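Here's the letter readout for the chains.
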Amino acid sequence: MRFADHAFLASLEGCEGFERSSFEAAHQTPSPVSIRLNPYKKNAGVVEAFGFLEPTPIPWCSGGYYLKSRPSFAMDPLWHAGAYYVQEASSMFIEFLLRTELNSQSELRALDLCAAPGGKSTLLASMPQFNLILANEIIHSRIPSLMENAIKWGSPHLLVSNNDPAHFENLPGFFDVVLVDAPCSGSGLFRKDPEAFKEWKPDLPAFCSARQKRILHSATKALKGNGYLIYSTCSYSACENEENLDYLLNMGMFESIHVEFPAEWGVVTSQSPKHHAFGYRFYPNRVQGEGFYCALLKKKEGIDIEFSSHLQSIKHQPFPESCASWLESSAELYSYQKENEIFVQLADLSNAIGSIESFLKLKKKALRVGNSIRGEMIPDHELAVSTLINPNCSRLELTKDQAIRYLKREELLGFEKLNGWHWVTYNNVGLGWAKGASGRFKNHYPMSWRIQKQS
């Protein structure tokens, strides 16, 4: 793409780390391809499968890799199984910030306030410091993609909600970490999306900045004292980045966190004009990634009223014997039933989830195990891709060609003599369910998720 003398470039003059000629040159090169592995499905052999693409570790993210070129992810069963997530490398720096500051802390709660499509939520869900992650998205039309990615990741402690940021003011001090990956002018992604460049106007960053401040105001309420706020955008504009840090520091409740990292990473450290708060800028001419900005702030202790729960006792039920064998026996789980559907939650999260549900619209608060229909338990797809599934349940391991047929929801041939429900796997990672009966082997992969392209 060509910038010529566009007002966009003029708007970046004076931004820390901006160098016009190399910045323009970088936009004439292809975008890097990067993935992040799912640590809970680490036996999937993703790195080995991409060996021909020479995977190279991303230095600031454990489990992050660059690929030499872009394969057809839609034709890879491991992608459908949630064994990895295709994520822009610069945005994975969030893991480094948190890992550096949180160290060995555990049992923390995190809120991803602007979560769709779920890349940063699944990143948080992969970190051992957290035992509850709430992925929220205000725009209803974006919920299906967030739900799909959350389900495929398979983490039972990853929840999904559909609420306005202001609703989280009803949960003061509830979260240890709040991530605001704010809606922005998108200039950091112009290389990947040249059409977005055509829509950029000089007044767009200021418009976005005002919206970002409203979101940040609500985010500060939901964060507990001594908790951490991560602010990020995919914009280069100072009014959406450093100036918003000054907005937060003006509140008097935050301190800026500075982290050290190797200079060869190419990440630029900037400071806000008023309070000199630290932020981290990514330019495509300096790093192997797209444009990105992020910062880490710590909330001072004792300046907010902490959340107090006033809940009725939660009613739980024993597992139906017909589905208990499908679940990992070592997990401490609560079960409940809604009409014919059976759900389970991690026992130690039950009260926290109840508190959240008192004020928010939860789209996913538990693992859907299955349906009881005319006396038969029908296993749900969520269970097939969840880390809570019993690895010893009846399994059918497929070859790659068979797995592609299955993901297209085509008939699986040669298994007609099998009876009952079978957990369908590829590289020992769950893909879904199939059932044999009366000489037929029926494919139960979700119709809406099936591969529709032809290979």
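Above this text is the structure in question.
What you see is a predicted model, and the numbers here were worked out from it, not measured in a lab.

Any chance you could explain the side chain of Ser218 here in plain terms?
Looking at the element boundaries, Ser218 is found in helix α9 (residues 204-222). Once you skip the residues sitting within four places of it in the chain, Ser218 turns out to touch Pro165, Ala166 and Glu169.

Please explain the layout of surface pockets as it appears in this structure.
Where empty space is left becomes clear once a probe the size of a water molecule has been rolled over the atoms. Taken as a whole, the largest pocket spans an internal volume of roughly 1000 Å³. What lines the largest pocket is a set of 37 residues, among which Ala116, Arg142, Asp181, Leu189 and Cys234 lie closest to the centre. Sort the elements by how many residues they give to the lining of the largest pocket and α9 lands first, with 4 residues. Looking at the lining of the largest pocket, its residues break down into 20 nonpolar, 6 polar and 11 charged. Roughly 320 Å³ of volume is contained in the second largest pocket. Tyr40, Lys41, Trp423, Asn428 and Val429 are the residues nearest the centre of the second largest pocket, which is lined by 18 residues in total. Here the residues of the lining of the second largest pocket sort into 9 nonpolar, 5 polar and 4 charged.

Could you clarify how one ought to interpret the packing of α9 against helix α10 (residues 242-250) in this entry?
It is the contact of α9 with α10, at a shortest axis distance of 11 Å, that shows an interaxial angle of 35°. Here α9 runs over α10; the crossing is right-handed. For the pair α9 and α10, the contacting residues are Ser209, Gln212, Lys213, Leu216, His217 and Thr220 in the first and Asn244, Tyr247 and Leu248 in the second. The residue makeup of the contact of α9 with α10, split by class, is 3 nonpolar, 5 polar and 1 charged.

Where do I start with the sheet that holds strand β3 (residues 64-67) in this structure?
Backbone-to-backbone hydrogen bonds pair the strands of a sheet. The strands run either parallel or antiparallel. If you walk across this open sheet you meet the 4 strands as β2-β3-β1-β4, and the pairing is antiparallel. One side of each edge strand has no neighbouring strand; the edge strands of this open sheet are β2 (56-57) and β4 (84-86). Pairing between strand β1 (residues 33-37) and β4: 3 bridges, direction antiparallel. Its bridge partner being in β4, Ile35 is matched across the sheet by Val86.

Scoring rules and cut-offs
- Residues numbered from 1 in each chain as written.
- Predicted model: local features only at pLDDT ≥ 70, side-chain atom pairs only at ≥ 80, totals over all residues.
- Heavy atoms only, no water.
- Helix = DSSP H or I, 4+ residues; strand = E, 2+ residues; numbered from the N terminus.
- Contact = heavy atoms within 4.5 Å.
- 1 Å grid on protein atoms, 1.4 Å probe; cavity = no way out; pocket = protein on both sides within 12 Å on 5 of 7 lines; lining within 4 Å.
- Points joined across faces, edges and corners; volume = space filled by probe spheres on them.
- Nonpolar A, V, L, I, M, F, W, Y, C, P; charged D, E, K, R; others polar.
- Axes fitted to C-alpha atoms, helices over the stretch in contact; angles between N-to-C directions.
- Left-handed = near helix turned anticlockwise from the far one by under 90°.
- Pairing = 2+ DSSP bridges.

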